[in-house]
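Now for the letters of each chain:
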Amino acid sequence: IQVAIDPSWLIVFFLVLWSLSAGYFPAQFPGRTWTAYIAVGFVSTLLFFASVLIHELSHAFVGNSLGEEVRRITLFIFGGMAHLSGEPRSAGAEFKIAAVGPATSIGLGLLFLAVKALAATAGVPDLWVAMFGYLGVINIALAVFNLLPGYPLDGGRLLRAYFWSRSGNLRQATARAADWGTGIATGLMI
């Protein structure tokens, strides 16, 4: 699976790095060196974007296992996208492909929280323990956001799979899920 990085991704990478290194970690753990904040911020940013990539790879692997060809993933300013070669063949395939991403993010979140607990008991410096806590929370938040029922988010794709299974009409299901997506987008803007 080819992974492409859109230039817009660099903007988000540096914004996340800056917000963690100059904002979040210094506010939570004052009195550390600038080098320590940059180091933990950089590693946190890399692991966060690795988590986004793993989320997208999970979509791709499930899609490929179901015969839905996924050969490319693009990371861009709003996250990532696994490019399916076409529409899924069934509502069930759509559901499985959409559901695995948030499930993977929840799994990663729980894994990072477990690592945080182990690191804390192993005497790892608190700044690094906090990094694992941040990664746990941010992955679970990513899953929750992706489950919003607005197409083309994963939740919107799950909703489309539901509408498709009920009506048997992919076009009608897509239109209904897109309407939900418009409502979610409008709500987020308000």
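Structure: above.
Residues numbered from 1 in each chain as written. Predicted model: local features only at pLDDT ≥ 70, side-chain atom pairs only at ≥ 80, totals over all residues. Heavy atoms only, no water.

(A) Quick look at the overall build of the chain. Per the secondary structure count, the chain includes six helices and three strands. Secondary structure elements in the chain, listed N-terminal to C-terminal, are β-α-α-β-β-α-α-α-α. With the C-alpha coordinates aligned to their principal axes, the bounding extent of the chain is approximately 60 × 35 × 30 Å. By the burial criterion, 41% of the 190 residues in the chain qualify as buried. Looking at the chain alone, contacts between residues at least 24 apart form 63% of all its contacts between residues at least 6 apart. As displayed, the chain has an accessible area near 10,000 Å², and 69% of this comes from carbon and sulfur atoms. If the 11 positive side-chain charges of the chain are averaged to one point and the 9 negative ones to another, these points end up 4 Å apart. (Helix = DSSP H or I, 4+ residues; strand = E, 2+ residues; numbered from the N terminus. Buried < 20%, exposed > 50% of the residue type's maximum accessible area, 1.4 Å probe, protein only. Contact = heavy atoms within 4.5 Å. Areas by Shrake-Rupley, 256 points an atom, 1.4 Å probe, with all protein chains shown as cover. Lys, Arg positive; Asp, Glu negative; His and termini not counted. Charge placed at Lys NZ, Arg CZ, Asp CG, Glu CD.)

(B) Just the packing of helix α2 (residues 34-65) against helix α3 (residues 91-121), in detail. Two elements in contact, α2 and α3, have axes whose closest approach is 8 Å; the angle formed by their N-to-C orientations is 145 degrees. Seen from above, α2 lies across α3 with right-handed handedness. Of α3, the residues touching α2 (which contributes Ser-51, Ile-54, His-55, Ser-58, His-59, Val-62 and Gly-63) are Lys-96, Ile-97, Ala-98, Val-100, Gly-101, Pro-102, Thr-104, Ser-105, Leu-108 and Phe-112. Each residue belonging to the contact of α2 with α3 can be placed in one class, and the counts come to eight nonpolar, eight polar and one charged. (Axes fitted to C-alpha atoms, helices over the stretch in contact; angles between N-to-C directions. Left-handed = near helix turned anticlockwise from the far one by under 90°. Nonpolar A, V, L, I, M, F, W, Y, C, P; charged D, E, K, R; others polar.)

(C) Examining the layout of surface pockets more closely. One number sums up the size of the largest pocket: a volume of about 780 Å³. Along the walls of the largest pocket sit 29 residues, with Glu-56, Phe-78, Gly-80, Asn-146 and Leu-153 positioned nearest its centre. Breaking the lining of the largest pocket down by element, the ones donating at least two residues are α1 (7-28), α2, β3 (79-84), α3, α4 (126-146) and α5 (154-167). Partitioning the lining of the largest pocket into residue classes produces 20 nonpolar, six polar and three charged. (1 Å grid on protein atoms, 1.4 Å probe; cavity = no way out; pocket = protein on both sides within 12 Å on 5 of 7 lines; lining within 4 Å. Points joined across faces, edges and corners; volume = space filled by probe spheres on them.)

(D) A look at the packing of α2 against α4. With their axes 10 Å apart at the nearest point, α2 and α4 run at an angle of 30 degrees to one another. Judged by the inter-axis angle, α2 sits roughly parallel to α4. Where α2 crosses over α4, the two elements pack in a sense that is right-handed. Between α2 and α4, the residues in contact are Ala-36, Tyr-37, Ala-39, Val-40, Val-43, Ser-44, Leu-47, Phe-48, Ser-51, Val-52 and His-55 and Leu-127, Trp-128, Met-131, Tyr-134, Leu-135, Ile-138, Asn-139, Leu-142 and Asn-146, respectively. The residue inventory of the contact of α2 with α4, partitioned by class, reads 15 nonpolar, five polar and no charged. (Parallel < 35°, antiparallel > 145°, perpendicular 65-115°, else oblique.)

(E) Region of the structure containing the environment of Asn-64. Note that Asn-64 resides in helix α2. Excluding its chain neighbours within four sequence positions, the residues that come into contact with Asn-64 are Ile-1, Glu-69 and Val-70.

(F) Structural context of the nonpolar core. By size, the foremost hydrophobic cluster in this structure holds 28 residues, and its most contacted members are Val-16, Phe-25, Phe-49, Leu-127, Met-131 and Leu-135. Contributions of two or more residues to this core are made by α1, α2, β2 (70-76), α3 and α4. With eight residues, α4 is the single largest residue contributor to this core. In terms of nonpolar packing, the next biggest core, distinct from the first, is built from five residues, Ala-91, Leu-159, Trp-164 and Ala-173 among them. (Core = buried A, V, L, I, M, F, W, Y, C linked by side-chain atoms within 4.5 Å.)

(G) Seen up close, the pattern of salt bridges. Within this structure, the stated rule accounts for six salt bridges. We note a salt bridge from Glu-68 to Arg-89, for which the minimum N-O separation is 4.0 Å. A residue pair is termed long-range when its members are at least 10 positions apart, and Glu-68 in the loop between α2 and β2 and Arg-89 in the loop between β3 and α3 qualify at 21 residues. Each of Glu-87, Glu-94, Arg-157 and Arg-160 takes part in salt bridges that share partners, so that together they form one network. (Salt bridge = Lys/Arg side-chain N within 4 Å of Asp/Glu carboxyl O.)

(H) Inspection of the side chain of Ser-51 at higher detail. Within the secondary structure, Ser-51 sits in helix α2. Judged by its relative accessible area of 2%, Ser-51 is buried. When near neighbours in sequence (up to four residues on either side) are disregarded, Ser-51 contacts Leu-108, Phe-112 and Asn-139.

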